[in-house]
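If you want the building blocks of each chain, they are given just below.
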Amino acid sequence: MLFKTANVAQIARFDEIIDVRSPAEYAEDHIPGAISCPVFSDAERARVGTLYKQVSPFEARKVGAAIVARNIAHHLDTVLHDRPKNWKPLVYCWRGGQRSGAMTTILAQIGWGAQQLEGGYKAYRRDVLERLAVLPAAFRFTVVCGPTGSGKSRFLAALAAAGRQVLDLEGLARHRGSVLGKLPDAPQPAQKGFDSLLLAELQRLDPARPVYIESESKKIGNVALPDALFAAMHAADCLLVDVPLAERVRFLQEDYAFYLADPESLVRQLGFLKGLYPNEVLAGWFELARAGRFAELVEQLLSRHYDPLYWRSMTRSYPALAAAPTLALPSLAPAALAEAAAALPA
């Protein structure tokens, strides 16, 4: 072996982390901060894999070596061309095999302090899951509760701006956690990617200080919370945000303005409620959306769907809610949220 190796616990010692897996693998998840320098494109990886299975391992390695050499040369000429002599990168692939080995060998031969990650991404992923199984128990969470339209996410942002510790799960998941929660032009991360983002956020928090977090279900859109975090949230103290219905209706029209600008997309999303309500009820909601009668639609959705669903879930999942203090917020204007946030413990 012409290079040294490092383990997952040593990642922070390196100047830069290089992910040599294919772009699709990188997009699904990667070590936070890692740059993508693939030695195979997605198509090239598929081609070499097919050769390995259908022709021979020798033929696959021969073709693969030529591809890898060309791609590494390209990265040296472009992304990596300005790295200094004392640069110390960590290189990884799927499991610490030939892809990262090839890149590490060449970088080390140039004279850089390159090392290969032992076990590759698989070792990193195993470490993420192990940490997520224990780390949430170290924190003292305060769960911000309140029915849909109570401005919980904006209140978390106000808390963060006021210097409070916040774990914004919906922000990490890029989803608002309901049938209308999908964000425009912001696809959700894959589960693995969400886990990596979540661990990075948890690691930056101070266990000696409270952490404010929004009440969530087990799943936020297509991603699921780790069992340990879900259990810690359910055992935590709660803070109930109380906002008048009229203000919630106003706020939701503001917060979901992209649906108001495209009523048919709203109708499509409401279609996912089929089977939960009679067809005539759904048809009435579709008509309100298409007619632009959004305030009426929102009030009906809150009273018939969101509020009953929320309170059933909350009373079952958060036993501390019954004794939770109530924070009355007559307005969800930024100044009102900032004032309320500044009054809470840091």
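Residues numbered from 1 in each chain as written. Predicted model: local features only at pLDDT ≥ 70, side-chain atom pairs only at ≥ 80, totals over all residues. Heavy atoms only, no water.

A. Structural context of the nonpolar core. Ranked by size, the top nonpolar core spans 45 residues in total, and within it Phe141, Leu167, Leu169, Leu198 and Leu229 carry the most contacts. When residues in this core are grouped by element, the largest group, five residues, is from helix H5 (residues 120-132). If sequence neighbours within four positions are ignored, leucine 169 has contacts with Phe194, Leu198, Ile213, Glu216, Ile220, Leu225, Leu229 and Met233. (Core = buried A, V, L, I, M, F, W, Y, C linked by side-chain atoms within 4.5 Å. Buried < 20%, exposed > 50% of the residue type's maximum accessible area, 1.4 Å probe, protein only. Helix = DSSP H or I, 4+ residues; strand = E, 2+ residues; numbered from the N terminus. Contact = heavy atoms within 4.5 Å.)

B. Fine view of the sheet that holds strand E8 (residues 210-214). Pairing within the open sheet is parallel, and its five strands lie in the order E7-E8-E6-E11-E12. One side of each edge strand has no neighbouring strand; the edge strands of this open sheet are strand E7 (165-167) and strand E12 (326-328). Along the sheet, successive strands turn relative to each other by an average axial angle of 30°, direction set aside. (Pairing = 2+ DSSP bridges. Axes fitted to C-alpha atoms, helices over the stretch in contact; angles between N-to-C directions.)

C. Looking closely at the sheet that holds strand E3 (residues 35-36). Spatial ordering of the open sheet is given by E1-E5-E4-E2-E3, a layout of five strands whose pairing is parallel. Strands at the two margins of the open sheet, each flanked by one partner only, are strand E1 (4-6) and E3. As judged from the two bridges shared by strand E2 (residues 16-19) and E3, these two strands associate in the parallel manner. Paired with isoleucine 18 across the two strands is isoleucine 35, which belongs to E3.

D. Highlighting the packing of helix H12 (residues 263-270) against helix H14 (residues 294-317). At a minimum axis separation of 14 Å, H12 and H14 run at an interaxial angle of 15°. With respect to each other, H12 and H14 are oriented roughly parallel. Of the two elements, H12 crosses H14, and the hand of that crossing is left-handed. Touching Pro263, Leu266 and Leu270 of H12 are Phe294, Leu297 and Leu301, all from H14. Looking at side-chain class alone, the contact of H12 with H14 contains six nonpolar, no polar and no charged residues. (Parallel < 35°, antiparallel > 145°, perpendicular 65-115°, else oblique. Left-handed = near helix turned anticlockwise from the far one by under 90°. Nonpolar A, V, L, I, M, F, W, Y, C, P; charged D, E, K, R; others polar.)

E. Main features of the side chain of histidine 305. Summarising the element assignment, histidine 305 is placed in helix H14. A relative accessible area of 8% places histidine 305 in the buried class. The residues contacting histidine 305, other than those within four sequence positions of it, are Leu273, Leu276, Tyr277 and Gln300.

F. Expanded view of the layout of surface pockets. Size it by volume and the second largest pocket reaches roughly 790 Å³. Of all elements in the fold, only helix H2 (42-54), helix H3 (57-77) and helix H4 (98-110) reach the threshold of two or more residues within the lining of the second largest pocket. Taken together, the residues that form the lining of the second largest pocket break down as nine nonpolar, four polar and five charged. (1 Å grid on protein atoms, 1.4 Å probe; cavity = no way out; pocket = protein on both sides within 12 Å on 5 of 7 lines; lining within 4 Å. Points joined across faces, edges and corners; volume = space filled by probe spheres on them.)

G. Quick peek at the pattern of salt bridges. All chains considered together, the criterion is met by 18 salt bridges. Arginine 99 is the partner of glutamate 25 in a salt bridge, and the nearest nitrogen-oxygen pair spans 3.0 Å. Residue glutamate 25 is located in helix H1 (residues 23-28), and its partner arginine 99 is located in helix H4; the two are separated by 74 residues in the primary sequence. Here glutamate 25 falls in the buried class, since its relative accessible area comes to 8%. The salt bridge involving arginine 154 is made with glutamate 254; its shortest N-O contact spans 2.6 Å. Here arginine 154 is found in helix H6 (residues 152-161), whereas its partner glutamate 254 is found in helix H10 (residues 245-255), with 100 residues between them in sequence. Members of the salt-bridge network, linked through shared partners, are Arg154, Glu247, Arg250, Glu254 and Asp255. (Salt bridge = Lys/Arg side-chain N within 4 Å of Asp/Glu carboxyl O.)

H. How the structure looks around the environment of valine 128. Looking at where valine 128 falls in the secondary structure, it is placed in helix H5. In this structure, the C-alpha to C-alpha distance between valine 128 and serine 217, residues 89 residues apart in sequence, is 21 Å. Excluding residues that lie within four positions of it along the chain, valine 128 makes contacts with Asp195, Ser196 and Leu199.

I. Representation of the pairing of E2 within the structure. Burial along E2 is two-sided: the face carrying Glu16 and Ile18 and the face carrying Ile17 and Asp19 are both buried. Where E2 lies against strand E4 (residues 89-92), four bridges are found, and the strand directions are parallel. Residue glutamate 16 lies in a different strand from E4, and its bridge partner there is proline 89.

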